[in-house]
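Structural overview for review
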Amino acid sequence: MGSSKLTVLEVSFHFVPLVDHLFPRFSLAVPLLFSFSMLSLMHLLVTLTLFTSVAWAVPVPAPGFLDDLGDLLGGKSKSGVAAISAVDLSSAFNRAAQFSRAVYCSTDSVTTLTCGAPCDALGGDVTFLLSGGDGGATPLFFVAHDAPTNSIIVAHQGTDPDNILSVLNDAAFFLEDLSTNLISGLNVNDIKVHSGFQNAFERTAAEIMAAVQDGLTSTGSTKVIVTGHSLGAAIATLDALMFKSALDPSISVTATLFGSPRVGDQAFANFADKALGTSLARITNQADPVPLLPPRFLEFVHASGEVHINSVDANGNAVDAVQCAGQENRDCSDKDNLLQSDVQNHLGPYFDNISFGTAQCA
């Protein structure tokens with residue numbers, strides 16, 4: 001039952017603002033959404049969307065609306081994948097995943113490395129340079145120096161379904177102009193991003209940038225790795241673009257994202273591709289619904305860099321994973337649909353028996 005409630009809570013809050021926008025009086029019945037099963041909820045949303053287009057004679061949005069029906073109901077596959085071995089998956093992403101897992105734990109327990117398994121996996125050669133957040137309107141975050149990789153790590157907490165403010169960061173999902181005060185270069189005009197994600201990013205951007213710059217100077221490191229899961233992945237994407245535009249070009253910036261939702265529009269996806277290229281990787285897991293959100297008919301588009309895990313064995317190890325060409329690849333997470341999605345896949349395990357969420361903390 002717990003898993004079902006999380007599914008409805010997380011997915012509903014992505015869609016409730018849309019339903020409320022289309023049917024203002026329907027907002028009075030929003031609490032009833034949480035009593036629906038996942039399947040019933042998605043059937044309802046498909047019905048409401050189609051009803052709106054027909055009954056109100058609203059022009060069908062193009063062409064993302066049809067793409068998003070693929071999100072809801074599944075769609076034809078496009079070619080463009082290459083197998084990636086479990087060894088390569090672990091080698092490339094394990095360290096970032098451990099930091100993304102640890103940032104869900106309380107600040108005190110993380111910075112003293114007493115958060116249980118997530119901290120044990122980090123080891124003792126981690127120096128925390130900055131930590132903060134309240135787990136709500138400002139998700140938990142930290143900046144650290146990772147001695148084993150001689151990297152500055154920036155990690156952001158994902159959505160905490162038990163904290164309504166954290167969920168509402170996800171819910172404020174209409175597009176707004178990208179903040180050029182924090183992210184510049186490569187022609188940022190007319191780029192739009194998820195308003196809730198940008199607001200969460202802006203609350204911590206200045207202090208994180210200062211800590212990263214200080215860390216690079218004090219340690220001599222030339223690498224920044226920014227990571228996060230879920231909402232944290234969205235904030236990490238914006239962080240990476242900020243670092244890329246503000247730091248010296250000699251500093252490498254890598255974004256490793258787990259279970260990321262869509263962050264912005266087509267122009268944003270193109271901008272991220274140009275700015276970050278192959279240094280951005282977004283790992284998606286099986287039938288996780290979050291990478292299908294916000295829906296494409298609202299003009300949201302993923303950047304490139306997807307690595308999709310098709311299956312995980314009983315020990316939590318990925319046994320089938322692929323690198324995915326392009327921004328929205330129907331051989332990867334886009335092949336899935338919300339009617340058959342599984343929120344447990346969002347939490348994990350992904351690979352190396354790594355799952356995300358506060359349940360991982362001691």
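Side note on the overall build of the protein chain
Looking only at helices and strands, the protein chain features twelve helices and eleven strands. Here the protein chain holds 362 residues, and the buried ones make up 56% of them. Long-range pairs, those at least 24 residues apart, make up 73% of the contacts in the protein chain between residues at least 6 apart in sequence. Accessible surface, the protein chain as shown: approximately 14300 Å² in total, 55% of it carbon and sulfur.

Some thoughts on the packing of helix 9 (residues 195–219) against helix 10 (residues 231–246)
Across the interface, helix 9 lies against helix 10 with an axial gap of 9 Å and an inter-helix angle of 50 degrees. It follows from the interaxial angle that helix 9 and helix 10 lie oblique. When the axes of helix 9 and helix 10 are compared, the crossing they make is right-handed. Side by side, helix 9 and helix 10 meet where F197, Q198, A200, F201, A205, I208, M209 and V212 of the first sit next to L231, A234, I235, L238, D239, M242, F243 and A246 of the second.

A closer look at the state of the cysteines
A complete count under the given rule lists three disulfides for this structure. With a sulfur-sulfur separation of 2.0 Å, C105 is cross-linked through a disulfide to C361. The disulfide joining C105 to C361 has a torsion of about -90 degrees about its S-S bond and is therefore left-handed. Taken together, the residues C105 in the loop between helix 5 (86–102) and helix 6 (107–111) and C361 in the segment after helix 12 (343–347) connect sequence positions 256 residues apart. Note on accessibility: C105 and C361 belong to one class, buried. Bridging C324 to C332, the disulfide has an S-S length of 2.0 Å. Between C324 and C332 the sulfur-sulfur dihedral comes to about -105 degrees; the bridge is accordingly left-handed. C332 sits in the buried class, given a relative accessible area of 0%. Cysteines bonded in the protein chain are numbered consecutively along the chain; their disulfide partners then correspond to 1-6, 2-3, 4-5.

Remarks on helix 5
Along its length, helix 5 shows its largest kink, about 55 degrees, at F93. Along helix 5, the residues that are buried comprise L89, F93, N94, A96, A97, Q98, F99, S100, R101 and A102.

Remarks on the pattern of salt bridges
Within the structure shown, the criterion is met by five salt bridges. Measuring nitrogen to oxygen at the nearest pair gives 2.6 Å for the salt bridge that ties R95 to D146. Here D146 lies in strand 3 (residues 141–146) and R95 lies in helix 5, a separation of 51 residues in the sequence. The partner of K192 in a salt bridge is D177, with the nearest N and O atoms 2.5 Å apart. Of this pair, K192 sits in strand 6 (residues 192–194) while D177 sits in strand 5 (residues 175–177), and the two are 15 residues apart along the sequence. K192 gets classed as partly exposed once you look at its relative accessible area, which sits at 33%. Each member of the salt-bridge network shares a partner with another, and the members are R262, E328 and D334.

What counts and what doesn't
- Residues numbered from 1 in each chain as written.
- Predicted model: local features only at pLDDT ≥ 70, side-chain atom pairs only at ≥ 80, totals over all residues.
- Heavy atoms only, no water.
- Helix = DSSP H or I, 4+ residues; strand = E, 2+ residues; numbered from the N terminus.
- Buried < 20%, exposed > 50% of the residue type's maximum accessible area, 1.4 Å probe, protein only.
- Contact = heavy atoms within 4.5 Å.
- Areas by Shrake-Rupley, 256 points an atom, 1.4 Å probe, with all protein chains shown as cover.
- Axes fitted to C-alpha atoms, helices over the stretch in contact; angles between N-to-C directions.
- Parallel < 35°, antiparallel > 145°, perpendicular 65-115°, else oblique.
- Left-handed = near helix turned anticlockwise from the far one by under 90°.
- Disulfide = S-S within 2.5 Å.
- Bend = angle between axes of the 7 residues up to and from the residue.
- Salt bridge = Lys/Arg side-chain N within 4 Å of Asp/Glu carboxyl O.

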